[in-house]
Amino acid sequence: MREKGRPEAALSMKAAASWSVTPAEPYRFRPGDRVAVRRADVPGHIRTPWYIRGRQGVIERICGTFPNPEELAYNRPGLPAQPLYRVRFRQADVWPDYAGPPADTIEVEIYQHWLEPA
Amino acid sequence: MTQPSGHHHDHGAAGAHVHPTRPDDEGPLGYYQRMEIAVRELLIEKGTIDPDDLRRTIEAMDQRSPAQGARVVARAWCDPAFKARLLDNGTAACEELGIAMGPTKLVVVENRPGLHNLIVCTLCSCYPRNLLGLPPDWYKSRNYRSRAVREPRAVLAEFGTVLADDVEVRVHDSTADMRYLVLPERPAGSEGMGETELAALVTRDAMIGVTTVRRN
Amino acid sequence: MRSHHDMGGQPAGPVARTEHDYAFWEKRVDALMVLLSSPKHRLLNVDELRRNIEALPPDAYDRMSYYERWISAICNTLLQRGAITTDELARKMTEIEAREGAA
């Protein structure tokens, strides 16, 4: 699953660890892993934008573990906390009619339960 | 939040009464303005919130401005070790400069030759408000939120920022717990300038990524 | 089905670079949110606020100003949490209308 030529992953694991909430689900992915965003059409409060569902990208960095906002939205604790990742996508993979150069990218923060290995 | 000690304001600005001198408080009140007053007065009457806390929250809000972010950017341009810490942990580095970041988890993304970063929040209006103050209206607008992810170069051009095709445009959609600040490129010809002078060049829009920093 | 607020990639017009100084009542709404979600109170959290904003019908979402959406969502969250009741709110809003006038 891992790719060569890794993103520069500026955010240290130390920062991510200091921000993390516990107890948390274990990390399933590491920077460089290829992932697919789950396709799901459900009601509720969801922080995975519609446009990115079903798209494939690469884990750019680990952000830490945070209570699940889908549960917090109903005043439930959202624990165990979900690992949160920044995922980098090629714009051309997100928008079939993307007008810019092929090197353009977009990064989105996505909680682990929305990601599958790709 | 820091409590001012032994210091009393007798104008409880955010308190139970409405200041008539503010233009927005004059004339007939709209439905949602009445709702705001009602909710606030109910919470104060019940003892749920302290009007002084509300006043202090507004005062703290008024203290924040893009000047704080500009100071951070100028320091990063002048001090490579600080810049490394800023890119490593934006929150901790800003706090080094005495900026109260509250719960903000700040990620700083660096522009460099061949890479330009742009920040948006498509789902709502996430913004590093503890650092930069409240966002501009356009950042929260339907047009910016809709288009910045799909046609970033067209949006940038509307702000006068036209980038060559060999510059990667990297959009950051703030969807969750991180907040983002663009570290712009230091402008050419600014080599002799000091930190204060440099900070004066750094604009809010450049720290959102819709523009670049130019030497005046 | 895509929610109305989830607008990334939707067709839209030029970005109107409008700005305004925040009105005092808007700052009070903002401060109320910050205060109520602070560790001292924990009377609402930002995801509850967002859920209540997202629950607005599309035409209301577009018609209402930013801080109108916020105070509506703050109010709904406090009702859901039981921090205030509908009856208290109704009486208070009527009292304010009599006291301050209404548009």
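As a reminder, the structure under discussion sits directly above these lines.
Only a predicted model underlies this, so the values are computations on that prediction, with no experimental measurement involved. (Residues numbered from 1 in each chain as written. Chains lettered and ligands numbered in written order. Predicted model: local features only at pLDDT ≥ 70, side-chain atom pairs only at ≥ 80, totals over all residues. Heavy atoms only, no water.)

Visitor: Can you lay out the interface of chain C and chain A for me, pointing to particular residues and giving the numbers?
Guide: Between chain C and chain A, the residue contacts involve 12 residues of the former and 14 residues of the latter. Here chain C meets chain A over a buried area of about 1,100 Å², counting both sides, of which 46% is carbon and sulfur. Together, Asp6, Asp47 and Arg51 of chain C form the three largest contributors to the area buried by chain C at its contact with chain A, with a combined 38%. Note that Arg53 of chain A is salt-bridged to Asp6 of chain C, the shortest N-O span being 3.9 Å. Taken together, the links from chain C to chain A amount to seven residue pairs in polar contact (both at pLDDT 80 or more). Per-element tally for the side of chain C that touches chain A: the top contributor is helix 2 (residues 46-54) of chain C, with five residues. (Contact = heavy atoms within 4.5 Å. Buried area = accessible area lost by both parts, 1.4 Å probe. Salt bridge = Lys/Arg side-chain N within 4 Å of Asp/Glu carboxyl O. Polar contact = N/O pair within 3.5 Å; in protein donor to acceptor, adjacent residues only side chain to side chain. Helix = DSSP H or I, 4+ residues; strand = E, 2+ residues; numbered from the N terminus.)

Visitor: Explain the interface of chain B and chain C to me, and be specific about the residues and the numbers.
Guide: The interface is formed by 57 residues belonging to chain B together with 58 residues belonging to chain C. Of all residues in chain B, the largest losses of buried area upon contact with chain C belong to Tyr32, Arg34 and Arg142 of chain B, amounting jointly to 12% of the total for that side. Counting across the chain B and chain C interface gives 11 salt bridges. Between Lys27 of chain C and Asp62 of chain B there is a salt bridge; the shortest N-O distance is 2.7 Å. Where chain B meets chain C, there are 26 residue pairs in polar contact (both at pLDDT 80 or more). Mapped by element, the contributors of at least two residues to the side of chain B that touches chain C are helix 1 (31-45), helix 2 (51-63), helix 7 (142-147), helix 8 (152-158) and helix 10 (204-208) of chain B. Element by element, the count of residues in the side of chain B that touches chain C is highest for helix 1 of chain B, at 14 residues. Each residue belonging to the side of chain B that touches chain C can be placed in one class, and the counts come to 27 nonpolar, eight polar and 22 charged. (Nonpolar A, V, L, I, M, F, W, Y, C, P; charged D, E, K, R; others polar.)

Visitor: Give a detailed account of the packing of aromatic side chains, specifying residues and quantitative values.
Guide: Pairs of aromatic rings are described using the distance from one ring centre to the other and the angle between the two planes. All names here are of chain B. Summed over all chains, the structure comprises 13 aromatic pairs over all chains. With 6.3 Å between their ring centres and 70° between their planes, Trp138 and Tyr139 make a pair best called edge-to-face. Grouping residues by exposure puts Trp138 and Tyr139 together as buried. Their ring planes at 75° and their centres at 5.0 Å tell us that Trp138 and Tyr144 sit as a pair that is edge-to-face. Judged by its relative accessible area of 0%, Trp138 is buried. You can call Tyr144 buried: its relative accessible area is 0%. Each residue in the set Tyr127, Trp138, Tyr139, Tyr144 and Phe159 is aromatic and connected to the rest through ring pairs, giving one cluster. In this structure, Arg75 is placed above the aromatic ring of Phe82, and the distance from its NZ or CZ to the ring centre is 6.0 Å. (Phe/Tyr/Trp six-rings, centres within 6.5 Å; stacked < 30°, edge-to-face > 60°. Buried < 20%, exposed > 50% of the residue type's maximum accessible area, 1.4 Å probe, protein only. Lys NZ or Arg CZ within 6 Å of the ring centre and 35° of its normal.)

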